[in-house]
Protein chains: 2
Amino acid sequence: MSAVSVIGRGTTTFGKKEDSLKSMLVEASRKAIIDAERPKIDAVFVGNFTAGTLANQEILGSILTNELGLGDVPSVKMEGACASGGLAFRHAYQLVKAGEYDTVLVAGGEKMTSQDTETVTNAINHAMDSGTNEAASGLTFPGFFGVLANRYMHEHGADKKHLAMVALKNRDYALANPIAHFRKETTLEDIMQARKITDPLGLFDCSPISDGAAAVVIQRGENGVQVLASGQASGIPVMQEVDDLLHIPATHQSAKRAYAAAGLGPEDIDVVEVHDCFSITEIIATEELGFFEKGCGWEAVEKGLTKHGGKVPVNTSGGLLSKGHPIGATGIAQIIQIVDQLNEKACNQVENAKIGLAQNLGGTGAYSVVHIFKKKGA
Amino acid sequence: MSAVSVIGRGTTTFGKKEDSLKSMLVEASRKAIIDAERPKIDAVFVGNFTAGTLANQEILGSILTNELGLGDVPSVKMEGACASGGLAFRHAYQLVKAGEYDTVLVAGGEKMTSQDTETVTNAINHAMDSGTNEAASGLTFPGFFGVLANRYMHEHGADKKHLAMVALKNRDYALANPIAHFRKETTLEDIMQARKITDPLGLFDCSPISDGAAAVVIQRGENGVQVLASGQASGIPVMQEVDDLLHIPATHQSAKRAYAAAGLGPEDIDVVEVHDCFSITEIIATEELGFFEKGCGWEAVEKGLTKHGGKVPVNTSGGLLSKGHPIGATGIAQIIQIVDQLNEKACNQVENAKIGLAQNLGGTGAYSVVHIFKKKGA
């Protein structure tokens with residue numbers, strides 16, 4: 001088992017873009033390869049969720065490999081809904097660690113804004129089990145997480161303002177992130193008064209439909225931010241089979257596995273990116289990752305514990321809520337923000353950050369994957 | 001690096017089926033798990049190509065894991081067009097070999113017959129690069145391989161009868177395969193006179209649109225047919241960028257890598273399953289795998305060298321042409337036929353078979369993955 005490091009990173013901007021999925025994947029990958037000082041690439045892993053449905057395009061591994069002129073190296077696409085990027089990274093990491101490859105390009109991307117909202121909503125619903133009546137009955141992702149938010153407020157005494165405070169924090173962080181989808185001053189009042197998407201979630205509580213791509217180059221050795229551990233878990237993809245809506249077991253279990261593999265705990269983490277597809281999801285994630293007690297995540301937000309100067313700054317990139325959520329890119333972009341933090345090159349830099357964590361969720365809890373990183377030489 | 005063996009296998013029948021994709025994946029997986037004597041499963045890898053587009057369903061890893069009651073073990077879907085099943089197997093194998101998991105379920109499946117032919121043809125075209133004008137100009141897979149067949153006949157002196165002899169061999173083999181899509185006595189005349197799909201390919205030269213699923217359980221150790229090696233290569237997914245239509249470099253290179261890893265050559269292989277999506281593809285594959293010289297595969301067919309008693313029996317399962325081609329299942333089903341051969345439990349059993357090879361192609365040559373297997377104790 002070898003040490004594995006992130007030696008290069010690249011992204012497009014996120015948002016409504018004219019570029020094709022292929023050109024975005026190429027742009028992010030080229031930047032990552034140049035940032036890594038053009039090493040020989042031994043394999044290409046791509047994360048993507050909706051390209052078959054929304055872009056009439058599969059075989060992204062081969063297409064990207066060919067377009068980059070990387071020759072006949074192995075390539076593949078991995079899919080796990082919104083965790084596709086994190087899953088591509090995980091498998092690449094495991095195979096570099098095992099010595100199967102020395103240097104691997106991991107890229108993720110999604111082209112979503114070229115279709116109307118209904119088409120995109122239907123494509124995202126492919127992350128539910130179509131063999132049940134849930135999507136057919138009208139359940140959507142904002143619907144699911146709206147139910148969670150209402151239940152959370154009912155159980156734990158939080159109110160809509162705490163959700164809004166998450167959204168505001170991530171808007172504020174995004175102001176400094178040059179790739180972010182939203183970079184506009186926003187007030188708590190703007191967020192509280194925004195139009196409702198699904199009760200109690202308003203517009204700013206929901207991550208946007210974004211285009212974008214992100215890529216990293218990982219390599220055997222210690223020549224960069226080191227990957228300390230990967231933890232993955234599957235969860236129940238059917239709402240009616242879930243015992244406790246306020247618990248996302250895949251998030252908890254994936255973190256537990258990553259902490260165990262790294263020999264670390266939540267108290268060791270200096271900076272974290274969590275999967276805030278909705279404001280409520282960030283609160284629940286910070287609990288499942290062990291930063292706060294179950295049911296106390298909202299109080300942590302109220303006390304500013306998830307910002308600079310608090311217990312652990314969360315989503316300093318702006319998160320999915322404000323950086324944007326081009327699905328396949330998301331897991332990689334989270335990792336890039338942590339890598340940038342540990343390289344002291346991040347927007348919203350956290351001082352003295354030595355250990356960082358990225359958590360990527362798929363579906364309503366169908367998948368979660370957690371990676372833990374260490375600053376070079378730390 | 002540990003030895004890795006296939007300790008269980010299961011399939012549905014292939015053909016036009018009433019079952020959903022989920023129920024087929026579950027059926028094949030349950031059979032494989034029972035065949036393996038119900039070991040603890042540590043991870044689930046799924047191969048699938050079109051489910052997002054044709055079945056409105058992604059997150060197949062999580063869905064299958066949940067439906068089988070396997071708890072929160074890691075799971076993922078891998079996509080590489082028609083090589084999706086082989087790619088899922090490859091990555092599972094690499095991670096068991098590396099010690100990441102002890103026992104992994106690898107399943108592949110496709111639900112294709114519930115849609116009309118045009119919809120299915122468009123979905124299959126997602127295995128071309130939509131950023132080029134090829135699919136948009138009307139290129140299809142039968143069109144591409146029809147061009148190859150014409151060029152092959154022109155260059156090497158083969159004629160349509162040699163294509164038909166491949167189709168006939170695979171029809172004949174399928175008669176003994178209980179899962180095969182087509183099990184009906186067919187004559188060379190039937191094949192020669194069948195309606196044209198794309199010149200010179202007739203109906204029997206083309207693999208059918210099938211439903212079905214296949215699954216294996218692999219485990220660290222030597223308790224079954226052993227996986228000796230995996231080789232993968234990417235190729236050019238754009239027809240107009242290909243230098244020589246009669247060469248499929250990904251097939252050649254993936255085999256070269258697998259032979260090197262196993263320390264074996266084509267002369268050591270006793271039985272082989274190749275990716276005969278079209279009759280011409282089988283001929284070219286047997287050349288790229290090194291069984292016959294370039295341009296001589298058609299003569300080998302004429303001399304019966306790809307049948308029992310010849311140099312190496314090819315596609316004793318009936319192949320994609322007659323067993324059927326439920327895309328995500330195909331790579332796994334090829335492996336199952338080789339495993340059955342090496343366990344002396346195959347339809348069309350090859351006597352004294354000790355080493356077998358399975359080759360799975362994706363796109364028009366975008367991916368190829370080759371696995372080499374050894375009989376238990378051999």
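Residues numbered from 1 in each chain as written. Chains lettered and ligands numbered in written order. Predicted model: local features only at pLDDT ≥ 70, side-chain atom pairs only at ≥ 80, totals over all residues.

Chemist: I would appreciate a short explanation of the overall build of chain A in the present structure.
Modeler: Helix and strand counts for chain A stand at 13 helices and 11 strands. Over its C-alpha trace chain A gives a radius of gyration of 19 Å, about what one expects of a compact globule, namely 21 Å for 378 residues. Overall, the C-alpha framework of chain A stretches about 55 × 45 × 40 Å when taken along its three principal axes. Buried residues in chain A amount to 65% of all 378 residues. Counting contacts in chain A only where the partners sit at least 6 residues apart, residues at least 24 apart contribute 79% of the total. (Helix = DSSP H or I, 4+ residues; strand = E, 2+ residues; numbered from the N terminus. Rg over C-alpha atoms; globule rule 2.2 N^0.38 Å. Buried ≥ 20, exposed ≤ 12 C-beta atoms within 10 Å, placed from the backbone. Contact = placed C-beta atoms within 7 Å.)

Chemist: So what exactly am I meant to see when it comes to the relation of the copies chain B and chain A here?
Modeler: Comparison of the two chain copies shows a relationship of rotation about an axis with a shift along it. Of the transformation placing chain B onto chain A, the axial shift is 0.0 Å and the rotation is 180 degrees, giving an RMSD of 0.0 Å. Taken together, these values place the two copies in the relation of a two-fold axis. Comparing contact sets, 100% of the residues at the interface of chain B also lie at the interface in chain A, consistent with an isologous, same-surface contact. (Least-squares fit on C-alpha atoms with pLDDT ≥ 70 in both.)

Chemist: Whenever I open this one, the packing of helix H1 (residues 21-35) of chain A against helix H3 (residues 60-67) of chain A confuses me. Can you help?
Modeler: A pair of packed helices is captured by two measures, namely the crossing angle of their axes and the spacing between those axes. Residues and elements named next belong to chain A. Contact geometry of H1 with H3 gives a least axis separation of 10 Å together with a crossing angle of 55 degrees. Judged by the angle between their axes, H1 and H3 are oblique. The chirality of how H1 crosses H3 is right-handed. Every residue of H3 that contacts H1 at Lys22, Leu25, Val26 and Ser29 is listed here: Leu60, Ile63, Leu64 and Glu67. (Axes fitted to C-alpha atoms, helices over the stretch in contact; angles between N-to-C directions. Parallel < 35°, antiparallel > 145°, perpendicular 65-115°, else oblique. Left-handed = near helix turned anticlockwise from the far one by under 90°.)

Chemist: Even after reading the chapter, I still don't get the environment of Ser114 of chain A, so can you show me in this structure?
Modeler: If you trace the backbone, Ser114 of chain A turns up in the loop between strand S4 (103-110) and helix H5 (117-124). Spatially, the C-alpha atoms of Ser114 of chain A and Thr50 of chain A are 12 Å apart, while their sequence positions differ by 64 residues.

Chemist: Would you explain the packing of helix H4 (residues 84-97) of chain B against helix H13 (residues 327-342) of chain B in this entry?
Modeler: All names here are of chain B. Their axes nearest at 5 Å, the elements H4 and H13 cross at an angle of 55 degrees. When the axes of H4 and H13 are compared, the pair comes out oblique. Here Ser84, Gly85, Gly86 and Phe89 of H4 come into contact with H13, specifically with Ile327, Gly328, Ala329, Thr330, Gly331, Ile332 and Ile335. Looking at the contact of H4 with H13, its residues break down into five nonpolar, six polar and no charged. (Nonpolar A, V, L, I, M, F, W, Y, C, P; charged D, E, K, R; others polar.)

Chemist: Help me out: how do you make sense of the interface of chain B and chain A in this one?
Modeler: Contact with chain B, which involves 50 residues of that partner, is made by 50 residues of chain A. Listed by contribution, the elements that provide at least two residues to the side of chain B that touches chain A are helix H2 (51-55), helix H3 (60-67), strand S3 (75-79), H4, strand S8 (225-234) and helix H9 (249-262) of chain B. When the residues that make up the side of chain B that touches chain A are grouped by side-chain class, the tally is 20 nonpolar, 23 polar and seven charged. Note: strand S3 (residues 75-79) of chain A against S3 of chain B, three bridges, orientation antiparallel. Note that in S3 of chain B the partner of Lys77 of chain A across the bridge is Glu79 of chain B. (Pairing = 2+ DSSP bridges.)

Chemist: Help me out: how do you make sense of H4 of chain B in this one?
Modeler: Note: α-helices contain 3.6 residues per turn, so residues at a spacing of three or four share the same orientation. If you check H4 of chain B, its first and last C-alpha atoms are 20 Å apart, about what 14 residues at 1.5 Å a residue would give, namely 20 Å. Where H4 of chain B terminates, the next one or two residues include Gly99 of chain B, which has phi positive at roughly 85 degrees. (Expected span 1.5 Å × (residues − 1).)

Chemist: What should I look at first to understand the pairing of strand S4 (residues 103-110) of chain B in this one?
Modeler: All names here are of chain B. Among the eight residues of S4, eight are classified as buried, and the element is accordingly described as predominantly covered. Burial along S4 is two-sided: Thr103, Leu105, Ala107 and Gly109 facing one way and Val104, Val106, Gly108 and Glu110 facing the other are all buried. Both strand S2 (residues 43-47) and S4 contribute to a ladder of five bridges, which runs parallel. Across the sheet, Gly47 pairs through a bridge with Gly108, a residue of S4. Summarising the sheet, S4 and strand S7 (residues 212-220) pair through eight bridges and their orientation is antiparallel. Counterpart to Val106 in the pairing with S7 is Val216.

Chemist: Is there a simple way to explain unusual backbone geometry in this structure?
Modeler: If a residue is not glycine, its phi is most likely negative; likewise, a peptide bond is most likely trans. Residue and element names in this part refer to chain A. That bond from Asp199 to Pro200 is cis: its omega, 5 degrees, falls within 30 degrees of zero. Inspection of the secondary structure puts Pro200 in the loop between strand S5 (196-198) and strand S6 (201-202). At Asn315, a residue that is not glycine, the phi angle is positive and equals roughly 60 degrees. Mapped onto the elements, Asn315 comes out in the loop between helix H11 (297-302) and helix H12 (319-323).

Chemist: How should the environment of Met112 of chain A be read in this particular structure?
Modeler: All names here are of chain A. Here Met112 shows up in the loop between S4 and H5. Sequence separation between Met112 and Ser20 is 92 residues; the distance between their C-alpha atoms is 10.0 Å. Setting aside anything within four residues of it in sequence, one finds Met112 in contact with Thr50, Leu54, Val120, Ile209, Ser210, Asp211 and Pro326.

Chemist: Got a minute to help me understand the pairing of strand S11 (residues 367-374) of chain A in this structure?
Modeler: Along a regular strand, successive side chains alternate from one face of the sheet to the other. Residues and elements named next belong to chain A. The buried fraction of S11 is high, at eight of eight residues. Burial of S11 is two-sided: the residues Tyr367, Val369, His371 and Phe373 facing one way and the residues Ser368, Val370, Ile372 and Lys374 facing the other way are all buried. Here strand S8 (residues 225-234) pairs with S11 via eight bridges, running antiparallel. Considered in S11, the bridge of Gln226 is made with Lys374. Pairing analysis gives eight bridges linking strand S10 (residues 355-362) to S11, with the strands arranged antiparallel. Within the sheet, the bridge partner assigned to Gly356 lies in S11 and is Phe373. The loop that links S10 with its antiparallel partner S11 comprises four residues; one of these, Gly363, has a positive phi angle of about 65 degrees.

Chemist: Can you walk me through the environment of Ile269 of chain B in this structure?
Modeler: Residue and element names in this part refer to chain B. Within the secondary structure, Ile269 sits in the loop between H9 and strand S9 (271-273). Distance in space between the C-alpha atoms of Ile269 and Lys374 is 9.6 Å, their sequence separation being 105 residues. Not counting the four nearest positions on each side in its chain, Ile269 is found in contact with Val312, Ile355, Gly356 and Leu357.

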